[in-house]
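Examining the three-dimensional arrangement
Letter by letter, the chains look like this.
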Amino acid sequence: MTTSNLFLIGDVAGFSPHIGRLVSMMNYARHTTLAAVKGLTAEQLDHLAIDRLPRDMDRARSAVTAGTELAREAVLGLRWQRAGAV
């Protein structure tokens, strides 16, 4: 795969259509990851932003909680609609 078609998700010769699409997405992920870390040392690659971790975990937990509540409300709403209550 060349960089000219890197942003296209599509069939790749030699693979079934679904696997080809997956391969094209993986090629994009590989290309962008390698470009992002090009020239970094082992120490720079091993760096973990510990000071940001708790804040990011709190945001992730909040997003999951909000998503769970929205899903719960959607399911309950569907149940009421199916029962003819709404």
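Summarised in this report is the structure supplied together with it. Worth saying up front: this structure is predicted, and the values here are computed from it rather than measured.

Along the backbone of the chain there are 3 helices and 0 strands. Secondary structure elements of the chain occur, N-terminal to C-terminal, as α-α-α. The 86 residues of the chain split such that 6% are buried. Surface summary for the chain: the accessible area is close to 7400 Å², and the carbon and sulfur share equals 62%.

This part is about a nonpolar patch on the surface. Residues I9, F15, I19, L22, M25 and M26 make up a contiguous nonpolar surface patch of roughly 580 Å² in combined accessible area. The exposure class assigned to L22 is partly exposed, which follows from its relative accessible area of 41%.

Right, let's get into helix α1 (residues 17–37). Between its terminal C-alpha atoms α1 stretches 31 Å, which fits the 30 Å expected from 21 residues at 1.5 Å a residue. For α1, the full list of buried residues reads G20, V23 and S24. Burial along α1 is one-sided: seen end-on, the buried residues are contained in an arc of 100°. Residues of α1 that are exposed and point over 90 degrees away from its buried face: H18, M26 and A36. Where α1 ends, the next residue or the one after it, G39, has phi of about 85°, a positive value.

Further remarks concern the side chain of S24. Inspection of the secondary structure puts S24 in helix α1. Classification of S24 as buried rests on a relative accessible area of 2%. Reaching out from S24, the side chain makes a polar contact with the backbone nitrogen of G10 at a distance of 3.4 Å.

Cut-offs and rules
- Residues numbered from 1 in each chain as written.
- Predicted model: local features only at pLDDT ≥ 70, side-chain atom pairs only at ≥ 80, totals over all residues.
- Heavy atoms only, no water.
- Helix = DSSP H or I, 4+ residues; strand = E, 2+ residues; numbered from the N terminus.
- Buried < 20%, exposed > 50% of the residue type's maximum accessible area, 1.4 Å probe, protein only.
- Areas by Shrake-Rupley, 256 points an atom, 1.4 Å probe, with all protein chains shown as cover.
- Patch = residues over 30% accessible without salt bridge, like charges linked within 9 Å, V, L, I, M, F, W, Y side chains within 5 Å.
- Salt bridge = Lys/Arg side-chain N within 4 Å of Asp/Glu carboxyl O.
- Expected span 1.5 Å × (residues − 1).
- Arc of directions from axis to C-beta.
- Polar contact = N/O pair within 3.5 Å; in protein donor to acceptor, adjacent residues only side chain to side chain.

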